[in-house]
Amino acid sequence: MSPRYIAYIVAALAVLILASQTFFVVDQRQQALVVALGDPVRVINQPGRNEAGLHLKVPFFQQVFKFDRRNI
């Protein structure tokens, strides 16, 4: 294996890890809370609003907590 081939593989893995940390999916039965450094940033799919689908967050900085909306 050439060093160039190994560099391509490492770069592809880095892009996949970054993408998996950036995108998240909220189901229509869920509500999500995006938190940055312990402070809430935004709420997704609140009652009365349908925002289900693919969303973005800042990778490695923000966390997403999902809750079941059927209990609300």
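Scroll up to find the structure.
Residues numbered from 1 in each chain as written. Predicted model: local features only at pLDDT ≥ 70, side-chain atom pairs only at ≥ 80, totals over all residues. Heavy atoms only, no water.

## Some words on the side chain of Lys-57
- Mapped onto the fold, Lys-57 is located in the loop between strand 4 (53-56) and strand 5 (62-68).
- Buried and unpaired, Lys-57 has no salt bridge, with Asp-39 as the nearest side chain of opposite charge at 16 Å.
- At 2.9 Å, the side chain of Lys-57 and the backbone oxygen of Gln-21 are in polar contact.
- For Lys-57, the side chain forms a polar contact with the main-chain oxygen of Gln-62, separated by 3.1 Å.
- If sequence neighbours within four positions are ignored, Lys-57 has contacts with Gln-21, Thr-22, Phe-24, Gln-62 and Val-64. (Helix = DSSP H or I, 4+ residues; strand = E, 2+ residues; numbered from the N terminus. Buried < 20%, exposed > 50% of the residue type's maximum accessible area, 1.4 Å probe, protein only. Lys, Arg positive; Asp, Glu negative; His and termini not counted. Salt bridge = Lys/Arg side-chain N within 4 Å of Asp/Glu carboxyl O. Polar contact = N/O pair within 3.5 Å; in protein donor to acceptor, adjacent residues only side chain to side chain. Contact = heavy atoms within 4.5 Å.)

## Some points on the sheet that holds strand 2 (residues 30-36)
- As summarised here, the arrangement of the 3 strands in space is 3-2-5, forming an open sheet in which the pairing is antiparallel. In this open sheet, the two edge strands, each paired with only one partner strand, are strand 3 (39-44) and strand 5. Each strand axis lies, on average, 25° off the axis of its neighbour in the sheet, ignoring direction.
- The sheet contact formed by strand 2 and strand 5 spans 7 bridges and is antiparallel. Looking at the pairing, Ala-36 lines up with Gln-62 of strand 5. (Pairing = 2+ DSSP bridges. Axes fitted to C-alpha atoms, helices over the stretch in contact; angles between N-to-C directions.)

## What to know about the pattern of salt bridges
- Under the definition given, this model contains 3 salt bridges.
- The closest approach of N and O atoms between Arg-49 and Glu-51, which form a salt bridge, is 2.7 Å.
- A salt bridge links Asp-68 to Arg-70, with the nearest nitrogen and oxygen atoms 3.1 Å apart.
- Note on Arg-70: relative accessible area 60%, which makes it exposed.

## A closer look at the nonpolar core
- In this structure, Phe-24, Val-26, Ala-32, Val-34 and Ile-44 together form the largest nonpolar core, which totals 5 residues.
- Those residues in contact with Val-34, other than ones at most four positions away along the chain, are Phe-24, Asp-39, Pro-40, Val-41, Arg-42, Ile-44, Gln-62, Gln-63 and Val-64. (Core = buried A, V, L, I, M, F, W, Y, C linked by side-chain atoms within 4.5 Å.)

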